[in-house]
Amino acid sequence: MGEAKARGPYAKTPARRAEIVRAARNSFAENGYAKASLRDIAERAGITHAGLLHHFRNKDELLAEVLAERDSEEWQWGLAQVDRLEQLAPYLGELIRHHQKAPELMRLWIELAAASSRTDHPAHDYFVERYERGRTQFAQGFHDKAADSRLRADLSPESAAVLFHAVLNGLQLQWVLDQDLDIIGPVNDFVRLLLDRDDH
């Protein structure tokens, strides 16, 4: 005899939320954030509009969750792909190409990151923590003795981490504005600049 299905409004909440986030991600990517509707997202997720509102209060909250999920996926992928400095530039190139397949999501991420600079924005704490974690992880990678020996002699790991995020985010913003622009080449150049030593 099969296991009885959970009933009531809180049945399978994590799984249901994941379905809604997946549906929202597809809707945002296809229609753009402004044109995507909660009713369309609910239909894609196979639930009612009221059922969706039980899990997410509004579209802004859904967008934040979609982008947080994307961040988490990419974070885990990066940790799995990069364990040597030589793998950094190829990984970044692949990551950018992946982002370029969904330019609307890239645009939404940039817009939300900028809007969250306001301390009263719902995503403010998330973005502060996200950047802090990213800078710390990147800098820690260069504190390894072998990695540190490759970093420019006049550049600290902490400064390299700040520059890394500034360049990566800035290049993606430029690409959203001009999608004919090559940004993978400049990313490779930047990584090489970080690793070129003045004393060899």
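Now for a look at the structure at hand. These numbers come from a predicted model, not from an experiment.

Our focus in this paragraph is the overall build of the protein chain. Scanning the protein chain from N- to C-terminus turns up ten helices and zero strands. Considered along the principal axes of its C-alpha atoms, the protein chain spans approximately 65 × 45 × 35 Å. When burial is assessed residue by residue, the protein chain has 38% of its 200 residues classed as buried. Here the contacts in the protein chain between residues at least 6 apart in sequence split such that 63% fall between residues at least 24 apart. Here the protein chain displays about 12000 Å² of accessible surface, and carbon together with sulfur accounts for 52% of that area. Charge separation in the protein chain, taken as the distance between the mean sites of 26 positive and 32 negative side-chain charges, equals 6 Å.

Note: α-helices contain 3.6 residues per turn, so residues at a spacing of three or four share the same orientation. Looking at helix α2 (residues 38–45), one finds that the buried residues are L38, I41, A42 and A45. Each buried residue of α2 lies within a common arc of 100° when the element is viewed along its axis, so the set occupies one face. Relative to its buried face, α2 has exposed residues pointing more than 90 degrees away, namely R39 and E43. The secondary structure elements touched by the buried residues of α2 are α1 (13–31), α3 (49–55) and α4 (59–81). Following α2 by one or two positions, G46 has its phi on the positive side, about 75°.

One pass over the full model with this rule turns up five aromatic pairs. Judged by centre distance (5.5 Å) and plane angle (85°), the ring pair of Y126 and F127 falls under edge-to-face. Relative accessible area serves as the criterion here: at 5%, F127 is assigned to the buried category. Seen from their ring centres, F138 and F164 are 4.3 Å apart, and the 15° between their planes marks the pair as stacked. Linking F138 in helix α7 (residues 124–143) with F164 in helix α9 (residues 157–177), this pair joins segments that are 26 residues apart in sequence.

Calculation rules
Residues numbered from 1 in each chain as written. Predicted model: local features only at pLDDT ≥ 70, side-chain atom pairs only at ≥ 80, totals over all residues. Heavy atoms only, no water. Helix = DSSP H or I, 4+ residues; strand = E, 2+ residues; numbered from the N terminus. Buried < 20%, exposed > 50% of the residue type's maximum accessible area, 1.4 Å probe, protein only. Contact = heavy atoms within 4.5 Å. Areas by Shrake-Rupley, 256 points an atom, 1.4 Å probe, with all protein chains shown as cover. Lys, Arg positive; Asp, Glu negative; His and termini not counted. Charge placed at Lys NZ, Arg CZ, Asp CG, Glu CD. Arc of directions from axis to C-beta. Phe/Tyr/Trp six-rings, centres within 6.5 Å; stacked < 30°, edge-to-face > 60°.

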